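Here's the letter readout for the chains.
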Amino acid sequence: MNRKSRRVNRWVDDLLHDRRPRRLRGGEQDVDALRAAIEMRSSGPDSGLPDPRFVESLRRRLARETQGVVPHATRMTRRGLLASGGLAAATAAAGLLVGERLVGGSATQQHLIPEGGKWVAVADLTDVPVGTAMLFSTGAVRGFVANHGDTVRAFSAVCTHLGCLLRMNADARRLDCPCDRTAFAFDGSVLFKAMSASLPSLPELTSRIHAGKIEVLTV
Amino acid sequence: MYVDSAVRPGGSDHVLELISGERPLDWERVYHDNIASIYRLMYYKVGNREDAEDLTSQIFLDALPRLRPSASKGEIHMYLVATSRTVLAEHWRRRLGVQVTSIDENLLSTQEDAPSSDQRPRIRRILSQLPANYRRVLELRFLERCSVAETAATMGISAANARVVQHRALRRAAEVGQELS
């Protein structure tokens, strides 16, 4: 069996295992063989039905990236908001409602959804290359946008410990609190903290990309 | 570095004006109506789940922000198929440098669900015109989903031989398929 034949057969093996086939350089005859393999493969039993998990994950991704709508976000009552203390009071002052209540107080991430909000452009997408983040201020909200490559997310830039405004530490790829030794990663999670008690992650802001700009839903 | 939208001339106000000027697109409905047919179309063109999922994601991410809320169901479907055509061409250009499969331009002018016809009768016809060992190897591998080892055992040949027969059978099947269409 020659090398070309081996490569075509490997390509077919990938196809039959529903894997992404590797790159291949082939002659015209091989392209015809590949086409025949695709035709055979896709006419098999149960072919062409999308996996429900894929359908749901793409729906969520579309909600996040093109529309900025958060699926299934539950709004908290005003009483619950006040009951949840300091952070909630700070966000209420900024005109935001807490979308999901903290459970157990630490690892869960909240989502801030303003009532009667509007989209405000906070940065040009080209100004935030993959792997970087940028602080912004809309007047009502101080936050940062981070480009994670496949998605762009926005978070509050207010430390969840004492409410101090975080500072960008681009070299270390994190946000530092000027008030004590606390730092957050670009995905809002706590990197290290000054106190021993658990500290909530930074609340995520509803964001989207529109006409080349990163927009945040705010009041 | 702070970027304050309030001091950006024009920028954000302009965007907001465009959004509030039109009824927003019911993208959930568009997605729900089209996800199965677009995925199926891509699956038929690439033959594996991973690529089909990647390309389907790209199509919706590209097309949804560009759809007018006032577009009809048919127009939306046609726009998605047109986007699929471009995305598929780019996929093959990147992957192999050759357009292995493409989306028929005729699909763009019809509103029917693509691909509309069942491929199985065509596959049966192709198989029926192949020499017996070629037909057998393709049936075992593609329709019965046997491994190379299982196929070789069933046919009473070595695994290496089964691979050679499979490659030749695919080439011959491609020729027969072209003669049929």
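Placed above this text is the structure.
Residues numbered from 1 in each chain as written. Chains lettered and ligands numbered in written order. Predicted model: local features only at pLDDT ≥ 70, side-chain atom pairs only at ≥ 80, totals over all residues. Heavy atoms only, no water.

**Let's talk about unusual backbone geometry**
Although it is not a glycine, A:Ala211 adopts a positive phi angle of roughly 50°. With respect to the helices and strands, A:Ala211 occurs in the loop between strand 12 (207-210) and strand 13 (213-218). Phi at B:Arg145 takes a positive value of approximately 55°, unusual for a residue other than glycine. Looking at the element boundaries, B:Arg145 is found in the loop between helix 7 (132-143) and helix 8 (148-155). (Helix = DSSP H or I, 4+ residues; strand = E, 2+ residues; numbered from the N terminus.)

**A look at the packing of aromatic side chains**
Aromatic rings in a pair are described by how distant their centres are and how their planes are angled relative to each other. Residues and elements named next belong to chain B. What the rule picks out here adds up to five aromatic pairs over all chains. Judged by centre distance (5.3 Å) and plane angle (80°), the ring pair of Tyr31 and Phe60 falls under edge-to-face. With a gap of 29 residues between them, Tyr31 in helix 2 (residues 27-46) and Phe60 in helix 3 (residues 49-63) connect regions that are remote in the sequence. What makes Tyr31 buried here is its relative accessible area of 2%. (Phe/Tyr/Trp six-rings, centres within 6.5 Å; stacked < 30°, edge-to-face > 60°. Buried < 20%, exposed > 50% of the residue type's maximum accessible area, 1.4 Å probe, protein only.)

**Some remarks on the pairing of strand 5 (residues 142-147) of chain A**
All names here are of chain A. For strand 5, the buried fraction is high: five of the six residues fall into the buried class. As paired strands, strand 4 (residues 133-137) and strand 5 are joined by five bridges and run antiparallel to one another. Looking at strand 5, one finds that Leu135 is bridged to Phe144. Count of turn residues in the strand 4/strand 5 antiparallel hairpin: four residues, of which Gly139 carries a positive phi of about 100°. Summarising the sheet, strand 5 and strand 6 (residues 152-156) pair through five bridges and their orientation is antiparallel. Its bridge partner lying in strand 6, Val145 is registered against Ala154. (Pairing = 2+ DSSP bridges.)

**Things to note about the interface of chain A and chain B**
Residue-level contacts link 66 residues of chain A with 67 residues of chain B. Between chain A and chain B, the buried area comes to about 6300 Å², and carbon and sulfur atoms account for 60% of it. If you look at where chain A meets chain B, you find eight salt bridges. With a shortest N-O distance of 3.1 Å, B:Arg163 and A:Asp13 are connected by a salt bridge. On inspection of chain A and its partner chain B, the count reaches 18 residue pairs in polar contact (both at pLDDT 80 or more). Put simply, the parts of the chain that give the side of chain A that touches chain B at least two residues each are helix 1 (3-16), helix 2 (28-42), helix 3 (52-67), strand 3 (118-124), strand 4, strand 12 and strand 13 of chain A. (Contact = heavy atoms within 4.5 Å. Buried area = accessible area lost by both parts, 1.4 Å probe. Salt bridge = Lys/Arg side-chain N within 4 Å of Asp/Glu carboxyl O. Polar contact = N/O pair within 3.5 Å; in protein donor to acceptor, adjacent residues only side chain to side chain.)

**Re the side chain of A:Asp13**
Turning to its location among the elements, A:Asp13 is positioned in helix 1. Take A:Asp13: its relative accessible area is 14%, and that puts it in the buried class. If sequence neighbours within four positions are ignored, A:Asp13 has contacts with A:Arg19, B:Arg141, B:Val148 and B:Arg163.

**Some points on helix 9 (residues 159-180) of chain B**
With 22 residues, helix 9 of chain B ought to run about 32 Å at 1.5 Å a step, and its terminal C-alpha atoms sit 31 Å apart, in line with that. Listed in full, the buried residues belonging to helix 9 of chain B are B:Ala162, B:Val164, B:Val165, B:Gln166, B:His167, B:Ala169, B:Leu170, B:Ala173, B:Ala174, B:Val176 and B:Gly177. (Expected span 1.5 Å × (residues − 1).)

**What to know about the pairing of strand 3 of chain A**
All names here are of chain A. The buried fraction of strand 3 is high, at six of seven residues. Across six bridges, the pairing between strand 3 and strand 13 is antiparallel. Of the residues in strand 13, the one forming a bridge with Lys118 is Thr218.

**Side note on the state of the cysteines**
Residue and element names in this part refer to chain A. Scanning the model with the defined rule gives one disulfide over all chains in all. Between the sulfur atoms of Cys164 and its disulfide partner Cys179 the distance amounts to 1.8 Å. Disulfide Cys164 to Cys179: torsion about the S-S bond roughly -115°, handedness left-handed. In this pair, Cys164 is assigned in the loop between strand 6 and strand 7 (167-169) and Cys179 in the loop between strand 8 (174-176) and strand 9 (183-185), connecting sequence segments 15 residues apart. Here Cys177 stays free of any disulfide, with the sulfur of Cys159 as its closest cysteine sulfur at 3.8 Å. Overall, Cys177 belongs to the buried group, its relative accessible area being 8%. (Disulfide = S-S within 2.5 Å.)

**Describing the sheet that holds strand 3 of chain A**
Residues and elements named next belong to chain A. Strand order in this open sheet of three strands is 3-13-12, and the pairing throughout is antiparallel. Bordering the open sheet on either side are strand 3 and strand 12, each of which pairs with just one other strand. Averaged over all neighbouring strand pairs, the angle between strand axes comes to 35°, with direction disregarded. (Axes fitted to C-alpha atoms, helices over the stretch in contact; angles between N-to-C directions.)

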